[in-house]
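One letter stands for each residue in the lines below.
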Amino acid sequence: MKILTCPAHLQHLEGILRKSLPLALPVFGAVLNINRGNPGHFEVLVDKWPEFGAVLARPSGEVPVNDGYWNTQAAFYRDLGAYRALLETPGCLRWDAAFTLIG
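Since the model is a prediction, treat every value here as computed from it, not as a measurement.

**Digging into the overall build of the protein chain**
Counting its secondary structure elements, the protein chain contains 3 helices and 5 strands. Sequence-ordered secondary structure for the protein chain, helices as α and strands as β, is β-α-α-β-β-β-α-β. Viewed in the frame of its principal axes, the protein chain has a C-alpha envelope of about 35 × 30 × 25 Å. For the protein chain, buried positions account for 40% of its 103 residues. For the protein chain, the proportion of contacts with a sequence separation of at least 24, taken over those separated by at least 6, is 55%. For the protein chain, the exposed surface amounts to about 5,800 Å²; the carbon and sulfur share of it is 58%. The protein chain carries 9 positive and 9 negative side-chain charges, and their two centres are separated by 8 Å.

And the structure:
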């Protein structure tokens, strides 16, 4: 699991996701907002970079445990195995919290 923080990587990811629309729309929207000031305070995780198989956009920082609306995750994957592995990585998702996964 890698959290993308480099603006160049995030812009490159935006271009890749743009080519996979409409399937990548939930994650594309999050990456687009991050690249334009990040008003939603999201972060982007990939299974590996730059040849990723799965992308997850999630709120950064502490999120309330029982607030499924605030704790919304957006996902896009090219490889189901990579997506499963990303979700099973410790620290990727808070499994003790209410969350909504869109993908």
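**Some remarks on the nonpolar core**
Counting 19 residues, the largest nonpolar core has Leu4, Leu13, Leu17, Val27, Val44, Phe52 and Val55 as its most contacted members. Elements with a minimum of two residues in this core: α1 (7-18), α2 (25-35), β2 (42-46), β3 (54-59) and β4 (72-77). Among the elements that line this core, the one with the most residues is α2, at 5 residues. Counting 10 residues, the second-largest nonpolar core is a separate cluster that includes Leu45, Ala54, Ala75 and Leu87.

**A word on the packing of aromatic side chains**
Taken as a whole and assessed by the stated rule, the structure comprises 2 aromatic pairs. Consider the rings of tryptophan 49 and phenylalanine 52, whose centres lie 6.3 Å apart with planes at 5 degrees: the pair is stacked. A relative accessible area of 3% means that phenylalanine 52 is categorised as buried. Centroid distance tyrosine 77 to tyrosine 83: 4.7 Å. Interplanar angle 15 degrees. Geometry classified as stacked. Over the aromatic face of phenylalanine 52 sits the side chain of arginine 78, whose NZ or CZ is 4.1 Å from the ring centroid.

**Some details on the environment of valine 31**
Within the secondary structure, valine 31 sits in helix α2. Measuring from C-alpha to C-alpha, the distance between valine 31 and methionine 1 comes to 17 Å, with 30 residues separating the pair along the chain.

**A word on the pattern of salt bridges**
Any two side chains of opposite charge can pair if their charged atoms end up close together. On inspection of all chains with the given rule, the structure shows 3 salt bridges. Taking the shortest distance from any N to any O, the salt bridge between glutamate 14 and arginine 18 comes out at 2.9 Å. Remark: arginine 18 and glutamate 14 occur in helix α1; sequence separation between them is 4 residues, near one turn of the helix. In this structure, arginine 36 and glutamate 14 form a salt bridge, with 3.1 Å as the shortest nitrogen-oxygen distance. One end of the pair, arginine 36, is in the loop between α2 and β2; the other, glutamate 14, is in helix α1, with 22 residues separating them in the sequence. For arginine 36, a relative accessible area of 53% translates into the label exposed. Here the salt bridges do not stand alone but share partners, grouping Glu14, Arg18 and Arg36 into one network.

Analysis parameters
Residues numbered from 1 in each chain as written. Predicted model: local features only at pLDDT ≥ 70, side-chain atom pairs only at ≥ 80, totals over all residues. Heavy atoms only, no water. Helix = DSSP H or I, 4+ residues; strand = E, 2+ residues; numbered from the N terminus. Buried < 20%, exposed > 50% of the residue type's maximum accessible area, 1.4 Å probe, protein only. Contact = heavy atoms within 4.5 Å. Areas by Shrake-Rupley, 256 points an atom, 1.4 Å probe, with all protein chains shown as cover. Lys, Arg positive; Asp, Glu negative; His and termini not counted. Charge placed at Lys NZ, Arg CZ, Asp CG, Glu CD. Core = buried A, V, L, I, M, F, W, Y, C linked by side-chain atoms within 4.5 Å. Phe/Tyr/Trp six-rings, centres within 6.5 Å; stacked < 30°, edge-to-face > 60°. Lys NZ or Arg CZ within 6 Å of the ring centre and 35° of its normal. Salt bridge = Lys/Arg side-chain N within 4 Å of Asp/Glu carboxyl O.

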